[in-house]
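Chain and residue survey
Each chain is listed here by its residues.
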Protein chains: 2
Amino acid sequence: MTARTSPEAAREIPEATVARLPVYLRALTSLTEAGTATCSSEELAAAAGVNSAKLRKDLSYLGSYGTRGVGYDVEYLRYQIAREIGVTQDWPVVIVGIGNLGHALANYSGFRSRGFRVVALLDADASRHGELVAGVAVRPFDDLAAIVRDNDVAIGVIATPAPAAQDVADRMVEAGISSILNFAPGVLSVPEGVDVRKVDLSIELQILAYHEQRKAQQARPDGSVDEVPVPLVEQGLVDQGRVS
Amino acid sequence: MTARTSPEAAREIPEATVARLPVYLRALTSLTEAGTATCSSEELAAAAGVNSAKLRKDLSYLGSYGTRGVGYDVEYLRYQIAREIGVTQDWPVVIVGIGNLGHALANYSGFRSRGFRVVALLDADASRHGELVAGVAVRPFDDLAAIVRDNDVAIGVIATPAPAAQDVADRMVEAGISSILNFAPGVLSVPEGVDVRKVDLSIELQILAYHEQRKAQQARPDGSVDEVPVPLVEQGLVDQGRVS
DNA sequence: AGGAGTTTGTGAACGCGAGAACAAAATCTG
DNA sequence: CAGATTTTGTTCTCGCGTTCACAAACTCCT
Ligand SMILES: NC(=O)c1ccc[n+]([C@@H]2O[C@H](COP(=O)([O-])OP(=O)(O)OC[C@H]3O[C@@H](n4cnc5c(N)ncnc54)[C@H](O)[C@@H]3O)[C@@H](O)[C@H]2O)c1
Ligand SMILES: NC(=O)c1ccc[n+]([C@@H]2O[C@H](COP(=O)([O-])OP(=O)(O)OC[C@H]3O[C@@H](n4cnc5c(N)ncnc54)[C@H](O)[C@@H]3O)[C@@H](O)[C@H]2O)c1
């Protein structure tokens, strides 16, 4: 690993690894709850659904937190990963668009328990203002800038209809938000330095449909109804976006 | 492209390409609605948020549907992609776990309009049975096998709490479902030939948090509050799971 | 008709990630 | 204490995906 020419060079964690760290974190939390104090890379890899070599390589980017011949201290490793991700502190989050999906998100308890705190629910529809969802009041969308400023909000969630999403994103960026989780379909355009991640249910289903169609096609034309001729997938598809 | 040793060899579309086809499909639908009859790879790539070379290579796996010097016929290409994905037909879908999230999913109109039909809503909680959500009644989970058989259901959605997810998945597979979209956190174990895709809100937020933390760290220690020292991302993160 | 201009489809180069394999480091055993 | 055993951290190789760059193919204009 030749250090890049930069002075400190820090640890530059590959994006694929970053995407798996939360999975390891969850697996470690499960192990803790099960009372396990120590685990090998093999065990943890199984719990996370990945290859053990991949797991070890991923962890090596963070440092040397294991002990050869022994394994990893579950609690210690869990803390190190949480610190690396940045979820030892609580991140304030705003949700915009409190419709079907927004309500579900606001009610989702997994937010709190994983290092995120919903500080505001915003909606453009005045008839929703004042409504309490999971103890938080729905407020006018125009309060965004003030809320972001007062609470140091860096992360915003968009759950509005698609046509409003770009507008909302622009206003979020303007207000100082630099990370957006977008549930509305379509492409968001944001300035450099702003991260966007997209969750698109229809795309996921369509990917499944494609593979489903291939399976069906492979059984039909031959006439023979054979079982799983080509193993498409089995497990451990931690990497979002890949199936096999 | 050397044809694999198999007899027909068909077109083997790379997984990364499959994951982008739905994005192109949506972009083309937008163009159609905007009244555009023809478009270049450059225009379509912009609408989909990807590099135009990548778009052309992706489309080349499907066939030669463009005209050099002209571009693509929007409607024709849209149909070809829809056919390739398999969404010219309607796919019956069952949703299991009609709580917060399940309600939102059941109410989601984007299902229907994109080639999927919710044929049943299932929940283990008897007090929910009979409730109508978007015109579909909530039924006992034990009806699963019959519903899958009668409606030829291949795709199932899991929106139950995490502890129940593996059980539900097992029952789905047993009933004949071979594609699962899982919203519950944790790793599902399924037999070969069954596809699982996972949507995990917390993981997405944690990935954002990681990058957010890096941005903050890069501004602080230097003392200087410079603007975006290293361009982390800008746009076009079509590929789920990557940020930059 | 012929040349200029466009735009597709693809060959080739490159970089990143996955996995196998192994050396180093720790524990355990006798 | 020495050797066997376990398990990590890392090196190496391979394959996939992205991107560049360009020839082929089509249109348009004179
Ligand atoms: N419901 C689902 O399960 C689901 C699944 C996948 C994707 N989505 C997407 O998520 C988004 C929301 O879906 P939904 O079913 O909750 O829709 P919805 O219509 O129920 O809710 C949208 C909410 O956004 C508010 N809104 C509209 N414009 C706004 C603006 N400019 N600023 C602030 N708020 C605004 C509306 O008042 C409404 O309350 C949609 O883009 C949808 O495609 C939903
Ligand atoms: N609400 C969200 O926004 C959100 C976001 C991300 C992930 N999730 C995940 O989605 C899942 C559902 O979340 P929710 O908020 O809707 O939970 P919820 O508790 O509101 O709903 C769960 C539903 O599943 C039903 N259920 C439980 N066990 C079952 C079983 N064995 N078979 C059939 N049905 C069963 C329950 O009766 C309940 O109706 C959870 O795993 C959660 O972690 C939710």
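See above for the structure.
Residues numbered from 1 in each chain as written. Chains lettered and ligands numbered in written order. Predicted model: local features only at pLDDT ≥ 70, side-chain atom pairs only at ≥ 80, totals over all residues. Heavy atoms only, no water.

On to the overall build of chain A. When its secondary structure is counted, chain A shows nine helices and ten strands. Taken across its 244 residues, chain A has 49% of its residues classed as buried. A separation threshold of at least 6 residues defines the contact pool for chain A, and within that pool the share at least 24 residues apart is 56%. By element, 50% of the accessible surface of chain A is carried by carbon and sulfur atoms, the whole surface being about 11,400 Å². (Helix = DSSP H or I, 4+ residues; strand = E, 2+ residues; numbered from the N terminus. Buried < 20%, exposed > 50% of the residue type's maximum accessible area, 1.4 Å probe, protein only. Contact = heavy atoms within 4.5 Å. Areas by Shrake-Rupley, 256 points an atom, 1.4 Å probe, with all protein chains shown as cover.)

On to the site of ligand 2, then. Lining the immediate environment of ligand 2, one finds 23 residues, of which Asn100(B), Leu101(B), Asp123(B), Arg128(B) and Thr160(B) sit closest. More than one chain lines the surroundings of ligand 2; the residues nearby belong to chains A and B. Asn100(B) places a main-chain nitrogen or oxygen 3.0 Å from an oxygen atom of ligand 2. Between an oxygen atom of ligand 2 and a main-chain N or O atom of Leu101(B), the distance comes to 2.8 Å. Within the complex, 81% of the 820 Å² of free accessible area of ligand 2 lies under protein. Looking at the shell around ligand 2 residue by residue, the class counts come to 16 nonpolar, four polar and three charged. (Near = heavy atom within 4 Å. Polar contact = N/O pair within 3.5 Å; in protein donor to acceptor, adjacent residues only side chain to side chain. Nonpolar A, V, L, I, M, F, W, Y, C, P; charged D, E, K, R; others polar.)

Our next topic: the sheet that holds strand β10 (residues 195–198) of chain B. The strands that make up a sheet pair up through hydrogen bonds in the backbone, lying either parallel or antiparallel. The seven strands are arranged β6-β7-β5-β4-β8-β9-β10 (chain B) in an open sheet whose pairing can be described as mixed. Each edge of the sheet is formed by a strand with only one pairing partner; in this case those strands are β6 (132–133) and β10 of chain B. (Pairing = 2+ DSSP bridges.)

Take the protein's contact with DNA strand C next. Inspection of the region around DNA strand C gives 26 residues, with Arg20(A), Lys57(A), Arg68(A), Ser41(B) and Tyr72(B) positioned closest. Backbone atoms, meaning sugar and phosphate, make up 67% of the atoms of DNA strand C lying within 4 Å of the protein. Lys57(B) is positioned such that a nitrogen or oxygen atom in its side chain is 2.9 Å from a base nitrogen of DNA strand C. Contacts to DNA strand C include Gly66(B), whose backbone N or O atom sits 3.0 Å from a phosphate oxygen. The element best represented in the surface near DNA strand C is helix α3 (residues 52–60) of chain A, accounting for four residues. Its residues assigned to classes, the surface near DNA strand C comprises seven nonpolar, ten polar and nine charged.

In the region of ligand 1, 23 residues are neighbours, and Asn100(A), Leu101(A), Asp123(A), Arg128(A) and Thr160(A) sit closest. At 3.1 Å from a nitrogen atom of ligand 1 is found a main-chain nitrogen or oxygen belonging to Ala124(A). Ala162(A) places a main-chain nitrogen or oxygen 3.5 Å from an oxygen atom of ligand 1. Protein coverage of the free-state accessible area of ligand 1, which is 830 Å², stands at 81%. At the level of secondary structure, the elements contributing two or more residues to the shell around ligand 1 comprise α5 (100–107) and α8 (162–175) of chain A together with α5 (100–107) of chain B. The greatest single-element share of the shell around ligand 1, amounting to three residues, is contributed by α8(A). Taken together, the residues of the shell around ligand 1 break down into 16 nonpolar, four polar and three charged.

Another point: the pairing of strand β10 (residues 195–198) of chain A. All names here are of chain A. The side-chain alternation of β10 yields two buried faces, one formed by Asp195 and Arg197 and the other by Val196 and Lys198. Pairing of strand β9 (residues 179–182) with β10 involves four bridges; the strand directions are parallel. Looking at β10, one finds that Asn182 is bridged to Lys198.

What follows is about the sheet that holds strand β3 (residues 71–73) of chain B. All names here are of chain B. Pairing is antiparallel across the open sheet formed by three strands, whose spatial order is β1-β3-β2. Taken across any chain shown, the strands that pair with only one partner, and hence form the sheet edges, are β1 (38–39) and β2 (66–67). Looking at chain direction, β1 and β3 are connected through two bridges and run antiparallel. In the sheet register, Thr38 faces β3, and the bridge partner there is Asp73.

Expressed as a screw operation, the relation of chain A to chain B combines 0.0 Å of axial shift with a rotation of 180°, fitting to an RMSD of 0.1 Å. Look at the turn and shift together and you get a two-fold axis relating the two. (Least-squares fit on C-alpha atoms with pLDDT ≥ 70 in both.)

With that settled, consider the interface of chain A and chain B. At the junction of the two partners, chain A supplies 81 residues and chain B supplies 81 residues. Overall, the association of chain A and chain B removes approximately 7,800 Å² of surface from exposure, summing both partners, and the carbon and sulfur fraction of that is 58%. For the pair chain A and chain B, the number of links is four salt bridges. For Asp200(B), the salt bridge goes to Arg26(A), with nearest N and O atoms at 2.2 Å. It is helix α9 (residues 201–219) of chain A that contributes the most residues to the side of chain A that touches chain B, 15 residues altogether. (Buried area = accessible area lost by both parts, 1.4 Å probe. Salt bridge = Lys/Arg side-chain N within 4 Å of Asp/Glu carboxyl O.)

As a further point, take the packing of helix α4 (residues 74–85) of chain A against helix α9 (residues 201–219) of chain B. Packing of α4(A) against α9(B) brings their axes to within 7 Å, and their N-to-C directions diverge by 65°. Taken together, α4(A) and α9(B) sit at an angle that is classed as roughly perpendicular. Across the interface between the two elements, Arg83(A), Glu84(A) and Ile85(A) of α4(A) pack against Gln206(B), Ala209(B), Tyr210(B) and Gln213(B) of α9(B). Split by residue class, the contact of α4(A) with α9(B) holds three nonpolar, two polar and two charged. (Axes fitted to C-alpha atoms, helices over the stretch in contact; angles between N-to-C directions. Parallel < 35°, antiparallel > 145°, perpendicular 65-115°, else oblique.)

In the neighbourhood of DNA strand D, 26 residues make up the surrounding shell, with Ser41(A), Tyr72(A), Arg20(B), Lys57(B) and Arg68(B) lying closest. Counted by atom, the contact set of DNA strand D within 4 Å of the protein is 69% sugar and phosphate. In this structure, a base nitrogen belonging to DNA strand D sits 3.5 Å away from a side-chain N or O atom of Arg56(B). Contacts to DNA strand D include Arg68(B), whose side-chain N or O atom sits 2.9 Å from a base nitrogen. Element by element, the count of residues in the surface near DNA strand D is highest for helix α3 (residues 52–60) of chain B, at four residues. By residue class, the composition of the surface near DNA strand D is seven nonpolar, eleven polar and eight charged.

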